[in-house]
Amino acid sequence: MNRKYRKTIIAGNFKMNMLPGEIRAYAESMKTLVPRARWCETVICAPFVDLTAGLKYLKEAHISVGAQNMSEHPGGAYTGEVSGAMLRDLGVKYVIIGHSERRQYFGETDLSVNEKVRAALELGLHPIICVGESAKQRELGLTESLINYQVRAALAEVSGEQARKAVIAYEPIWAIGTGNTATAEQANEVNRLIRSIIRSVYGARAARATSILYGGSMNEKNAYELLAQPDIDGGLIGGASLVPEKFAAIVNASNQE
Ligand code: PGA
């Protein structure tokens, strides 16, 4: 982390978990465990149907609310979809875009990711753009070229000014939900690469100011070491974010100089 130049963000990704009726108790636990984390921005990215309860109760715990996806279309005949304008109207601040589960199961492509990123930024939402390689791609030595492509594709035709609102999350697919965390060095190496890509597209100042997160089996045990890395500005946390004690411990682990 480097709190002088950029924001530390600890974001939970509930995925398809947590009933709307469970949010209040979750928020109350978080409020007791971490009354107010001034050293980072804490975010919960919840299922769409949880957002209203999230905005109501998580706010009291000083936790911002994000969605896990949005449509690339502004509105219209797209049954089952949710637009960025709808999210913004609710008061949602962040939206995860291009999570590997969406790329894998729901046909998300680098092009649709780019469309969604641009739509989110137009509306003033902060996209949390996910990139990351599979185990096979890593084994074949393709990590660097893949990340380079994914980051550039996600930000294609995004101006420097707009890009300042974007957050990037490096999430190696082999580390998600597997308990197989990347080592702090591995994660930092890719995060540093992402920063160098931002630098070559938008310049040094933008690179220094961009929050680049790590995600993939981050938990209360490994968070401190991961977050101590200079280019890891926070985490995107799945499983461990569902348990207030664990998520709170991760928020607290980001309180380091
Ligand atoms: P995990 O998920 O922490 O359960 O590995 C992270 C993510 O998919 O964002």
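Just above, that's the structure.
What counts as what
Residues numbered from 1 in each chain as written. Predicted model: local features only at pLDDT ≥ 70, side-chain atom pairs only at ≥ 80, totals over all residues. Heavy atoms only, no water. Buried < 20%, exposed > 50% of the residue type's maximum accessible area, 1.4 Å probe, protein only. Helix = DSSP H or I, 4+ residues; strand = E, 2+ residues; numbered from the N terminus. Pairing = 2+ DSSP bridges. Axes fitted to C-alpha atoms, helices over the stretch in contact; angles between N-to-C directions. Near = heavy atom within 4 Å. Polar contact = N/O pair within 3.5 Å; in protein donor to acceptor, adjacent residues only side chain to side chain. Areas by Shrake-Rupley, 256 points an atom, 1.4 Å probe, with all protein chains shown as cover. Nonpolar A, V, L, I, M, F, W, Y, C, P; charged D, E, K, R; others polar. Contact = heavy atoms within 4.5 Å.

Peer 1: In this structure, what is going on with the pairing of strand β7 (residues 212-215)? I would like to understand it.
Peer 2: Remember that side chains alternate between the two faces of the sheet whenever the strand is regular. Residues I212 and Y214 of β7 are buried on one face, and the alternating residues L213 and G215, pointing to the opposite face, are buried as well. Here strand β6 (residues 167-170) pairs with β7 via three bridges, running parallel. Paired with Y170 across the bridge in β7 is Y214. Summarising the sheet, β7 and strand β8 (residues 234-237) pair through two bridges and their orientation is parallel. From the neighbouring strand, G215 faces β8, where its bridge partner is L236.

Peer 1: Sorry, what's going on with unusual backbone geometry here?
Peer 2: Leave glycine aside and you will find that most residues have negative phi; peptide bonds, for their part, are mostly trans. Non-glycine residue H62 carries a positive phi angle of around 60 degrees. By the element assignment, H62 lies in the loop between α2 (51-57) and β3 (63-67). In this structure H62 comes out as partly exposed when scored by relative accessible area, which is 39%. With phi around 60 degrees, E157 is a residue other than glycine that occupies positive phi space. With respect to the secondary-structure elements, E157 resides in the loop between α7 (143-154) and α8 (160-163). A relative accessible area of 70% places E157 in the exposed class.

Peer 1: Explain the sheet that holds strand β5 (residues 126-131) to me, please; I cannot follow it from the model alone.
Peer 2: In any sheet, the strands associate via hydrogen bonds between backbone groups, in a parallel or an antiparallel arrangement. In space, the eight strands of this closed barrel follow the order β1-β2-β3-β4-β5-β6-β7-β8, with parallel pairing throughout. Across this sheet, the average inter-strand angle for adjacent strands is 25 degrees, counted without regard to direction. As paired strands, strand β4 (residues 94-97) and β5 are joined by four bridges and run parallel to one another. Counted as the bridge partner of Y94 is H126 from β5.

Peer 1: In this structure, what is going on with the site of the ligand? I would like to understand it.
Peer 2: The environment of the ligand is formed by 13 residues, the closest being K15, H99, E171, G177 and S217. Here an oxygen atom of the ligand sits 2.7 Å away from a polar atom, N or O, in the side chain of E171. Contact between the ligand and G177: an oxygen atom at 2.6 Å from a main-chain N or O atom of the residue. Taken by itself the ligand offers 280 Å² of open surface, and the protein chains cover 94% of this. Counted by class, the shell around the ligand contains four nonpolar, seven polar and two charged residues.

Peer 1: Could you clarify how one ought to interpret the side chain of K116 in this entry?
Peer 2: By the element assignment, K116 lies in helix α5 (residues 110-122). Polar contacts involving the side chain of K116 include one to the main-chain carbonyl oxygen of M70, which spans 3.2 Å. Those residues in contact with K116 that lie beyond four places of it in its chain are N69, M70, S71, E72, I97 and E108.

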